[in-house]
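Take a look at the letters that make up each chain.
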Amino acid sequence: MSKSINKISSTAVPVHLENVDTDQIIPARFLKATTREGFGDNLFRDWRYNSDGTPKKDFILNNPTYSGKILVAGKNFGCGSSREHAAWAIKDAGFDVVVSSFFADIFRNNALNNFLLPVTVSEEFLQQLFAAIEKDPKTTIDVNLEAQTITAGGKSESFEINNYKKTCLLNGYDDIDFLLSLKPEIEAFERKQQAI
């Protein structure tokens, strides 16, 4: 299965809360595993489930009306501790994109390193997204990484992304894959140096 991301067209799950920290995304008691699988089951664990493990009916991830590969979140998403598991949990739960008006820096980097695209939009555009999804849960959001645009309901906005990380996401490269992709150029450079 390819890890590359370019164009994603999907409905979205809105988490209309600000200052969501990494302990709310994936509580510390679930950080014992050493592989990335299985964290999605505990995404927003304390908000999603009662102490007896039954789902809380009023939490958005338990509402079958909302689904998709895009998570739309309030401002300052991913603040708090630097745990990479937060990105693992969101990705493992089936999301490829998180949209917010502000991401904590460490969370943004962890997301990019785990093929989860954080899209930063203006607060105005974010509120328009929330309103559109609330009005119609089948609203489709189109994210185009190559063009660096996000579109929904006829409105579009561009977003910034580090060029290196953009290249990695478009090609499905982690840092090692990126270096290996440069092998022909590196070998050509070495041959040139040896000839001098």
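This text follows the structure it describes.
Numbering of residues starts from 1 in each chain and follows the order in which that chain's sequence is written. It should be noted that, the model being predicted, local features are given only for residues of pLDDT at least 70 and side-chain atom pairs only at 80 or more, the latter also being counted only at that level, while totals for whole chains, interfaces and linings use all residues. The side-chain quantities take in all heavy atoms of the structure and omit both hydrogens and water.

Student: Explain the pattern of salt bridges to me, and be specific about the residues and the numbers.
Tutor: Throughout this description, the term salt bridge denotes a Lys or Arg side-chain nitrogen within 4 Å of a carboxyl oxygen of Asp or Glu. Taken as a whole, this structure holds 5 salt bridges when the rule is applied. One salt bridge connects R83 with D23, and the closest N-O pair in it is separated by 2.9 Å. Pair noted here: R83 is in the loop between β3 (70-73) and α3 (85-92) and D23 is in helix α1 (residues 22-25), with a separation of 60 residues, a long-range link. Residue classification places R83 among the buried residues on the basis of a relative accessible area of 16%. Remark: exposure states derive from per-residue accessible area (1.4 Å probe, protein chains only) relative to the maximum for the residue type, with buried under 20%, exposed over 50%, and partly exposed in between. Note on D23: relative accessible area 36%, which makes it partly exposed. With a shortest N-O distance of 2.5 Å, R29 and D46 are connected by a salt bridge. One end of the pair, R29, is in the loop between α1 and α2 (45-48); the other, D46, is in helix α2, with 17 residues separating them in the sequence. When its relative accessible area of 46% is taken as the criterion, R29 is described as partly exposed. It is possible to trace a salt-bridge network through shared partners that takes in K69, K91 and D96. Under the DSSP-based scheme used, a helix requires at least four consecutive residues in state H or I and a strand at least two consecutive residues in state E, with every element numbered from the N terminus.

Student: Run through the pairing of strand β4 (residues 97-100), naming residues and quoting values.
Tutor: What you see with β4 is no split at all: V97 and V99 on one side and V98 and S100 on the other are buried throughout. Examined bridge by bridge, β3 and β4 share 3 bridges and lie parallel to one another. Pairing of V72 across the sheet is with V99, part of β4. Note on handedness: a crossover is taken as right-handed if, strands pointing away from the viewer, the path from the first strand over the helix to the second is clockwise. Crossover connection from β3 via α3 to parallel β4: handedness right-handed. After leaving β4, the chain enters helix α4 (residues 105-113) and then returns to the sheet as strand β5 (residues 117-120), a path that is right-handed. Two strands pair if DSSP finds at least two bridges between them.

Student: Explain helix α5 (residues 123-135) residue by residue, including any values.
Tutor: Between its first and last C-alpha atoms α5 spans 18 Å; for 13 residues at 1.5 Å apiece the expected length is 18 Å, and the two agree. All of the buried residues along α5 are F125, L126, L129, F130 and I133. Buried residues along α5 cover an arc of 145° about the axis, so they all sit on one side. Opposite the buried face of α5, by more than 90 degrees, sit the exposed residues E124, E134 and K135. Contacts are assigned to residue pairs with any non-hydrogen atoms lying within 4.5 Å of each other. In this structure, the buried side of α5 is in contact with β2 (12-15), β3, β4, β6 (141-144), β7 (149-152) and β8 (155-158). To estimate the expected span of a helix, subtract one from its residue number and multiply by 1.5 Å. An arc is given here, and it is the one of the directions from the helix axis to the C-beta atoms.

Student: Break down the sheet that holds β3 for me, citing the residues and quoting the values.
Tutor: Hydrogen bonds between backbone atoms are what pair the strands of a sheet, whose relative direction is either parallel or antiparallel. With respect to topology, 4 strands assemble into an open sheet ordered β2-β3-β4-β5, the strand pairing being parallel. On the outer flanks of this sheet lie β2 and β5, each paired with one strand and no other. Between one strand and the next, the sheet's axes are offset by a mean angle of 20°, whatever the strand orientation. With 4 bridges joining them, β4 and β5 adopt parallel strand pairing. Paired with V98 across the strands is P118, a residue of β5. For every element, the axis is a line fit to its C-alpha atoms; helices are fit only across the contacting stretch, and the angle between N-to-C directions ranges from 0 to 180 degrees.

Student: Any chance you could break down the sheet that holds β8 for me, citing the residues and the numbers?
Tutor: Taken together, the 4 strands give an open sheet; going across it, the order is β1-β6-β7-β8, and neighbouring strands pair in antiparallel fashion. Two strands bound the open sheet, and with one partner strand each, they are β1 (7-10) and β8. Taken over all neighbouring pairs, the strand axes of this sheet differ in orientation by 10° on average, direction set aside. Bridge analysis of β6 against β7 gives 4 bridges, and the strand direction is antiparallel.

Student: Break down the packing of α3 against α4 for me, citing the residues and quoting the values.
Tutor: Running from N to C, α3 and α4 point in directions that differ by 50°, and their axes come no closer than 8 Å. Compared by their axis directions, α3 and α4 come out oblique. Between α3 and α4 lies a crossing whose hand is right-handed. Across the interface between the two elements, A86, A87 and I90 of α3 pack against F107, N110 and A111 of α4. Under this scheme an angle from 65 to 115 degrees is roughly perpendicular, one under 35 degrees roughly parallel, and one over 145 degrees roughly antiparallel; angles in between are oblique. Left-handed describes a crossing in which the near helix is turned anticlockwise from the far one by less than a right angle; the clockwise case is right-handed.

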